[in-house]
Amino acid sequence: MVPEARLETTEHGVVPKGEGWFVLNARDARWRPGRGRGAYCLFEGEPEFPQVGIHLVSLGPGEPMSVYHWEADQEDFLVLAGEALLIVEGEERRLRQWDFVHCPAGTRHTIIGAGAAPSLFVAVGARDQSTGPDWGAYTVDEAAIRHGAGVEQETTEAEEAYAPFGPREPSRYREGWVSE
């Protein structure tokens, strides 16, 4: 029988501790907003999920979810609310509520909030090969650079790619990140 994981209340929200199943409301969970790049809801605690990463991501208009990159595992995204711009393999595609984006391993991509209101996504990524030194890379793309979501020189270092944005800091949920 799989045990229930303990949920711990912290100054930044509720965090699961240990192995096991749990139920956690996104508004109670820990979030990590970043200046100019939206806010991530973290459902994981200690330890992180070993097979799949899953997050809610809230983006304001013009905020990138990530710097343009590819990973060694698949990533998938579902637009729950709002509008966005997908840059995938150098092409721009408009996204709207209920659009699903599948990025097989190696697909270069990023998503940027669009429209007049915040957008909300479920982001899921496999963790079989996308951890460690061969995880993927941040690659140069003119469309991504034009939208403030690109690098001028290819790198595998997150610190370099995200330097213009500064660090993400843990936070409690703030009204407006999850639509009603």
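See above for the structure.
None of the values given here were measured: they were computed from a predicted structure.

## Overview of the overall build of the protein
Piece 1. Secondary structure summary: the protein contains two helices and 13 strands in total.
Piece 2. By the compact-globule yardstick of 16 Å for 180 residues, the protein fits well, its C-alpha radius of gyration being 16 Å.
Piece 3. Its C-alpha atoms give the protein principal-axis dimensions of about 50 × 35 × 30 Å.
Piece 4. Relative to its 180 residues, the protein shows a buried fraction of 46%.
Piece 5. Just so you have it, the protein exposes about 9,600 Å², and 51% of that area is on carbon and sulfur atoms.
Piece 6. Distance between charge centres in the protein, computed from 16 positive and 30 negative side chains, equals 6 Å.

## Notes on the layout of surface pockets
Piece 1. One number sums up the size of the largest pocket: a volume of about 1,100 Å³.
Piece 2. Lining the largest pocket are 36 residues, with Tyr 40, His 55, Glu 71, Arg 127 and Tyr 138 sitting closest to its centre.
Piece 3. Within the residue set of the lining of the largest pocket, elements represented by two or more residues are β3 (30-33), β4 (39-42), β5 (52-59), β6 (69-71), β7 (75-81), β12 (119-126) and α2 (158-161).
Piece 4. Of the residues assigned to the lining of the largest pocket, the class counts are 14 nonpolar, 11 polar and 11 charged.

## Thoughts on the pairing of strand β8 (residues 83-88)
Piece 1. By the criterion of burial, β8 is predominantly enclosed, with five of the six residues buried.
Piece 2. Pairing of β8 with strand β9 (residues 91-96) involves six bridges; the strand directions are antiparallel. Considered in β9, the bridge of Glu 83 is made with Arg 96.
Piece 3. Linking β8 to β9, which pair antiparallel, is a turn of two residues; within it Glu 89 sits at a positive phi near 50 degrees.
Piece 4. As paired elements, β8 and strand β11 (residues 109-114) share six bridges and run antiparallel to each other. Looking at β11, one finds that Ala 84 is bridged to Gly 113.

## Side note on the sheet that holds β12
Piece 1. Taken together, the six strands give an open sheet; going across it, the order is β3-β4-β5-β12-β7-β10, and neighbouring strands pair in antiparallel fashion. Every interior strand has two partners, whereas the edge strands, β3 and β10 (100-103), have only one. Averaged over all neighbouring strand pairs, the angle between strand axes comes to 20 degrees, with direction disregarded.
Piece 2. In this structure, β7 lies alongside β12, joined through six bridges in antiparallel fashion. If you follow Leu 78 over to β12, its bridge partner there is Val 122.

## Some thoughts on the side chain of His 109
Piece 1. Considering the arrangement of structural elements, one finds His 109 in strand β11.
Piece 2. Looking at His 109, the relative accessible area reads 2%, which means it is buried.
Piece 3. A polar contact is formed between the side chain of His 109 and the side chain of Glu 75, at a distance of 2.8 Å.
Piece 4. Of the polar contacts made by the side chain of His 109, one reaches the backbone oxygen of Thr 107; its length is 2.8 Å.
Piece 5. Aside from chain neighbours lying at most four places away, what touches His 109 is Ser 66, Val 67, Tyr 68, His 69, Glu 75, Phe 77, Ile 87, Val 88 and Cys 103.

## Observations regarding the pattern of salt bridges
Piece 1. Evaluation of the coordinates by the stated rule reveals six salt bridges.
Piece 2. With its nearest N and O atoms 2.5 Å apart, the salt bridge here joins Glu 44 to Arg 127. Linking Glu 44 in the loop between β4 and β5 with Arg 127 in the loop between β12 and β13 (136-138), this pair joins segments that are 83 residues apart in sequence.
Piece 3. Arg 127 gets classed as buried once you look at its relative accessible area, which sits at 18%.
Piece 4. With its nearest N and O atoms 2.4 Å apart, the salt bridge here joins Arg 108 to Glu 89. Pair noted here: Arg 108 is in the loop between β10 and β11 and Glu 89 is in the loop between β8 and β9, with a separation of 19 residues, a long-range link.
Piece 5. Judged by relative accessible area, which is 32%, Arg 108 ranks as partly exposed.

Basis of the calculations
- Residues numbered from 1 in each chain as written.
- Predicted model: local features only at pLDDT ≥ 70, side-chain atom pairs only at ≥ 80, totals over all residues.
- Heavy atoms only, no water.
- Helix = DSSP H or I, 4+ residues; strand = E, 2+ residues; numbered from the N terminus.
- Rg over C-alpha atoms; globule rule 2.2 N^0.38 Å.
- Buried < 20%, exposed > 50% of the residue type's maximum accessible area, 1.4 Å probe, protein only.
- Areas by Shrake-Rupley, 256 points an atom, 1.4 Å probe, with all protein chains shown as cover.
- Lys, Arg positive; Asp, Glu negative; His and termini not counted.
- Charge placed at Lys NZ, Arg CZ, Asp CG, Glu CD.
- 1 Å grid on protein atoms, 1.4 Å probe; cavity = no way out; pocket = protein on both sides within 12 Å on 5 of 7 lines; lining within 4 Å.
- Points joined across faces, edges and corners; volume = space filled by probe spheres on them.
- Nonpolar A, V, L, I, M, F, W, Y, C, P; charged D, E, K, R; others polar.
- Pairing = 2+ DSSP bridges.
- Axes fitted to C-alpha atoms, helices over the stretch in contact; angles between N-to-C directions.
- Polar contact = N/O pair within 3.5 Å; in protein donor to acceptor, adjacent residues only side chain to side chain.
- Contact = heavy atoms within 4.5 Å.
- Salt bridge = Lys/Arg side-chain N within 4 Å of Asp/Glu carboxyl O.

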